[in-house]
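Examining the three-dimensional arrangement
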Amino acid sequence: MTDHDDDARDDAARQAALATFMRNNPDTSAPSDVGERLLGRVLDTIRRYTVQPSEHAYTALALYAAYTHAASAFDFAPRLLLTSPEKRSGKTRTMEVVGHLCHGPLFAANATVPALFRSLDTPRTVLFDEADTIFGTKVKAEQNEDLRGLINAGFQRGTPVLRTVGPNHVPTEFHVFAPVVMAAIGRLPDTITDRAVNIRLRRRKPTERVSPFRQSRNLDDLLVLRDELGAWIGEHVERLRFAHPETPLEDRAADLWEPLLAVADLAGGAWPRLARDAAVALSREAAKADADHSDGHELLGDCRQVLTSTLSGNAFVATETLLVHLKSLPESRWVEDALTGRRLAAMLKPYAIEPTHNTTKTARGYKVPRFTDAFDRYLAPADGDVEAAS
């Protein structure tokens, strides 16, 4: 049986279960504009107190706050990452406003990992501000490996953390499935960013005005809105449990956006389109950031540029020829990095591209079709493709 057959069978089972639920609960449908208007109020509230980098970011934040009230209905708990290159870019304020709109917010400043284990017996929204102080360097990340493991394990249902408890060291499972919001300067570990809706904030310009947020004056209004979100989502949690929204994404990105798309479809109106536009745009931005961060990914991209332009049509490229052209690219980093044939081979090896000899055994280099496969697997589509020469 193929994976396609399995997917079709799973989809049929979901649809059958949803049909049964709808027959047994005929009065659970709400007017289609209730959710649409409620999410609109959430978005307006976020806009009142924060400046986001795009309309897609506002959409994602509103949907994320709503999703947390139904986290237990889904198989995946996407993370929300708020990052910026510098301080005073609005991360803390965004976290504060969105956090108070989420279900069961747990602001985890200075919380110990064992305390977090014991706080997530039911899904709550965990919020970490200044996460760069936890994961900002390799040393800090190594020192907080238990916390990173908890955050990663909590992304998918059914992946508890196992620890020993008490004087008898009894093995105990801690279920840590829960939404997580993190704010940080710089970049967090790839294993976290890959499981997250990533929003890169910028410092607000003097012309961009927001209302000041004060808990003493404004918190009550947020809590009322949060309760309305919880009530609306609570009425439809079973519909969300059986939801199987169409997605323009694939793989991990599809997993983490599925709950937000399901909420958007439940709200109706313009939200299904807005959600999918935001999912595509923010996922593309995250992929580009990953590419810029990875040396190997950047090398693949530069190799594709060389092999689709100056060396187009070649079935084989000598190592020295490839090095010369890589170093001659505009703003190439490979001159400054002193890229050698040995390092080139080491960087390409993880992508199943290894050096060999040409057919006459007169030069050592690479077969171009090997690059084609790696480009297809790891790079976004480009205007030109490397032809697999025979």
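Data block above holds the structure.
The structure displayed is predicted, hence computed values, not measured ones. (Residues numbered from 1 in each chain as written. Predicted model: local features only at pLDDT ≥ 70, side-chain atom pairs only at ≥ 80, totals over all residues. Heavy atoms only, no water.)

1. What to know about the packing of helix H14 (residues 295–307) against helix H17 (residues 368–378)
Between H14 and H17, whose axes approach to 10 Å, the crossing angle comes to 125°. The angle between H14 and H17 places the two elements in the oblique class. Crossing geometry of H14 relative to H17 is assigned as left-handed. On H17, the residues touching His297, Leu300, Cys303, Arg304 and Leu307 of H14 are Val368, Phe371, Ala374, Phe375 and Tyr378. Grouping the constituent residues of the contact of H14 with H17 by class yields 8 nonpolar, 1 polar and 1 charged. (Axes fitted to C-alpha atoms, helices over the stretch in contact; angles between N-to-C directions. Helix = DSSP H or I, 4+ residues; strand = E, 2+ residues; numbered from the N terminus. Parallel < 35°, antiparallel > 145°, perpendicular 65-115°, else oblique. Left-handed = near helix turned anticlockwise from the far one by under 90°. Contact = heavy atoms within 4.5 Å. Nonpolar A, V, L, I, M, F, W, Y, C, P; charged D, E, K, R; others polar.)

2. Quick notes on the packing of helix H3 (residues 55–67) against helix H12 (residues 251–267)
How two helices sit against one another is set out by the angle between their axes and by the gap between those axes. Running from amino to carboxyl end, H3 crosses H12 at an angle of 90°, the nearest separation of the two axes being 9 Å. By the angle between their axes, H3 is roughly perpendicular relative to H12. Across the interface between the two elements, Ala60, Leu63, Tyr64, Ala66 and Tyr67 of H3 pack against Trp257, Pro259, Leu260, Val263 and Ala264 of H12. Of the residues contributing to the contact of H3 with H12, the split by class is 10 nonpolar, no polar and no charged.

3. Quick look at the side chain of Thr319
Position of Thr319 relative to the elements: it lies in helix H15 (residues 319–327). Not counting residues up to four positions away in its chain, the partners in contact with Thr319 are Gly341, Leu344, Arg364, Gly365 and Tyr366.

4. Structural notes on the sheet that holds strand S9 (residues 356–357)
Taken together, 3 strands build an open sheet; the order of strands is S8-S10-S9 and the sheet is antiparallel. Looking at which strands have only one partner, the edges of the open sheet turn out to be strand S8 (316–318) and S9. Inspection of the sheet shows S9 paired to strand S10 (residues 364–367) by 2 bridges, in the antiparallel sense. Bridging from a neighbouring strand, His357 pairs with Arg364 of S10. (Pairing = 2+ DSSP bridges.)

5. Considering the pattern of salt bridges
A full pass over the atoms with the stated rule returns 13 salt bridges. Note that Asp295 is salt-bridged to Arg333, the shortest N-O span being 2.9 Å. Linking Asp295 in helix H14 with Arg333 in the loop between H15 and helix H16 (341–348), this pair joins segments that are 38 residues apart in sequence. The structure contains a network of salt bridges with shared partners spanning Asp295, Glu298, Arg333 and Asp337. (Salt bridge = Lys/Arg side-chain N within 4 Å of Asp/Glu carboxyl O.)

6. Side note on the pairing of S10
For a regular strand, the rule is simple: side chains alternate between the two faces of the sheet. Sheet analysis places S8 next to S10, joined by 3 bridges and oriented antiparallel. Residue pairing in the sheet places Val317 in a bridge with Tyr366 of S10. The hairpin formed by S9 and S10 contains 6 residues between the paired strands, and Lys361 there has a positive phi angle of roughly 60°.

Geometric values such as these leave the question of function open.
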